[in-house]
Amino acid sequence: MAYYLCIVWPTQAQDQPPGNCGADQVLRADSLTRKLLALFNQNILAHQTNKASLDLTTVYTIPVVVHVYHLGEAVGTGSNVSTASVQAAIDAMNQSFRAQGAFSGSQDVKIQFVLATRTPNCQATNGIVRVDARSITGYQVNGCSTTDEPMQNNLRTLSSWSRDSYVNIGVVHKMPDAAGFAWFLNDLFIPAQYANGSQGALWGHEMGHAFNLYHTFEGDNGGTQCPVNTNPTTDGDRIGDTDPHKASDGCSTYSPTSINPCIGVAFGTLLQNIMSYSACKTRFTLSQVERMRYALLFSRTGLINSYGKVPPVAGETSPTAACVVSAPNGASAYFGINTFTLN
């Protein structure tokens, strides 16, 4: 089991999500996850002592692969979303990360995404893998929920590429308890109904989680308390320029001049943050940009120089595999070696 963050997405007419995310429960139940996140946060704090070492100017282009787990429909029908829709969703997500279009008031993360042009075995691809997932017991009826980790792992076993070279995005036919969720420093899942160009904030939000951003209201204990913020770099969302607030705070209820009861000052642009639950998400902050770039530069460096974004050339051949890795019980979100001991 590993730690994921999910979001139950509001409609344009409401801010308060109709349910809760199970990330906190998963974190409490999984000691390995707590250790992994603790190590990452310690590394960030160590690097933050010398911010001059953090490159904030280079634009990084990251390859993504979209796995469409459909129900056997023709391409462009039902859960087997069209190539144009997938491309539009990537374009909209890029706008959220590059402070363009509706996100022009945001900080530019200077990370952008392209559909992969090369498979792990050096074949040409359009970056979309279409898989009939009806063979997975329960998928056609239940879809993929945020808490059904066996289902997620079964989908990954059908199709998932190396997280070291690609960001994997799973498009599922139905998600009964959320509008998307992501695993820290790993993959994300989006229901087919939101795989289009109108959901840039949703895709940006989930990709933010994949690059290790928490919700801005992290620590509100299901909306029952204001998050602790004694030390903004270690409390709540661990971001110094996002004030603590509750998940229920939303743009349709509160104005920028309304007082945030958690700190006694005006909300300002806080509720426009892409990592909130509000309906007017358009902004990342500078500290969020820094945290995502730390995640890329110190935890997912393989994405930077990945050949997944370089089209193969004629006559190129892939190396012969020295071994074949199998996962009879399903590939987890963090498939691979995760711990070892030297005497």
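Take the overall build of the chain next. Check the secondary structure of the chain and you find 7 helices and 9 strands. Within the chain, buried positions represent 48% of all 343 residues. For the chain, restricting intrachain contacts to residue pairs at least 6 apart in sequence, the fraction spanning at least 24 positions comes to 69%.

In this section: the state of the cysteines. Counted according to the given criterion, the structure contains 2 disulfides. Note that Cys-226 is cross-linked by a disulfide to Cys-262, the S-S spacing being 2.2 Å. Disulfide Cys-226 to Cys-262: torsion about the S-S bond roughly -85°, handedness left-handed. Here Cys-226 is found in the loop between helix H6 (200–210) and strand S8 (259–260), whereas its partner Cys-262 is found in the loop between S8 and strand S9 (265–266), with 36 residues between them in sequence. Residue classification places Cys-226 among the partly exposed residues on the basis of a relative accessible area of 28%. Among the residues examined, Cys-262 registers a relative accessible area of 18% and is labelled buried.

Between its first and last C-alpha atoms helix H3 (residues 83–97) spans 21 Å; for 15 residues at 1.5 Å apiece the expected length is 21 Å, and the two agree. Of all the residues in H3, the buried ones are Val-86, Ala-89, Ile-90, Ala-92, Met-93, Asn-94, Ser-96 and Phe-97. Where H3 is buried, its residues meet strand S2 (60–70), strand S3 (111–115), strand S4 (128–132), strand S5 (167–172), H6 and helix H7 (286–299). Ala-99 occupies a position one or two residues after H3 and carries a positive phi of about 55°.

With that settled, the discussion passes to the packing of H3 against H6. Two elements in contact, H3 and H6, have axes separated by 8 Å at closest approach and are oriented at 70°. Viewed along their axes, H3 and H6 adopt a mutual orientation that is roughly perpendicular. The two elements H3 and H6 meet at a crossing, and its hand is right-handed. For the pair formed by H3 and H6, the contact residues are Ala-89, Ile-90, Ala-92, Met-93, Ser-96 and Phe-97 on the first element and Gly-200, Trp-203, Gly-204, Met-207 and Gly-208 on the second.

Model confidence for the chain is summarised by a mean pLDDT of 85, while 81% of its residues fall at 70 or above. Long-range and interchain partners of residues 1–26, a stretch whose pLDDT sits below 50, account for 88 contacts in this model, where long-range means more than four residues apart.

Before going further, it helps to spend a moment on H7. Between its terminal C-alpha atoms H7 stretches 19 Å, which fits the 20 Å expected from 14 residues at 1.5 Å a residue. By the criterion of burial, H7 is predominantly enclosed, with 11 of the 14 residues buried. Within the sequence span of H7, burial applies to Ser-287, Gln-288, Val-289, Glu-290, Arg-291, Met-292, Arg-293, Tyr-294, Ala-295, Leu-296 and Leu-297.

Under the counting rule described, the total for this entry stands at 5 salt bridges. Between Asp-132 and Arg-134 there is a salt bridge, and its shortest N-O distance comes to 2.6 Å. With a relative accessible area of 31%, Asp-132 lands in the partly exposed category. Judged by its relative accessible area of 43%, Arg-134 falls in the partly exposed class. Between Arg-163 and Asp-164 there is a salt bridge; the shortest N-O distance is 3.7 Å.

This part is about the environment of His-215. By the element assignment, His-215 lies in the loop between H6 and S8. The exposure class of His-215 is buried, given its relative accessible area of 2%. Within polar-contact distance, the side chain of His-215 engages the side chain of His-209 at 3.2 Å.

Residues Ile-90, Phe-113, Ile-169, Trp-203, Met-207, Phe-211 and Phe-284 are the most contacted members of the largest nonpolar core, which totals 48 residues. With 6 residues, the top contributor of residues to this core is H7. In this structure Ile-90 touches Val-64, Val-66, Phe-113, Leu-115, Ile-169 and Trp-203, once residues within four positions along its chain are discounted. Membership of the second largest hydrophobic core comes to 20 residues, among which are Ala-116, Ile-136, Trp-183 and Phe-189.

Conventions and cut-offs
Residues numbered from 1 in each chain as written. Predicted model: local features only at pLDDT ≥ 70, side-chain atom pairs only at ≥ 80, totals over all residues. Heavy atoms only, no water. Helix = DSSP H or I, 4+ residues; strand = E, 2+ residues; numbered from the N terminus. Buried < 20%, exposed > 50% of the residue type's maximum accessible area, 1.4 Å probe, protein only. Contact = heavy atoms within 4.5 Å. Disulfide = S-S within 2.5 Å. Expected span 1.5 Å × (residues − 1). Axes fitted to C-alpha atoms, helices over the stretch in contact; angles between N-to-C directions. Parallel < 35°, antiparallel > 145°, perpendicular 65-115°, else oblique. Left-handed = near helix turned anticlockwise from the far one by under 90°. pLDDT = per-residue confidence, 0-100. Salt bridge = Lys/Arg side-chain N within 4 Å of Asp/Glu carboxyl O. Polar contact = N/O pair within 3.5 Å; in protein donor to acceptor, adjacent residues only side chain to side chain. Core = buried A, V, L, I, M, F, W, Y, C linked by side-chain atoms within 4.5 Å.

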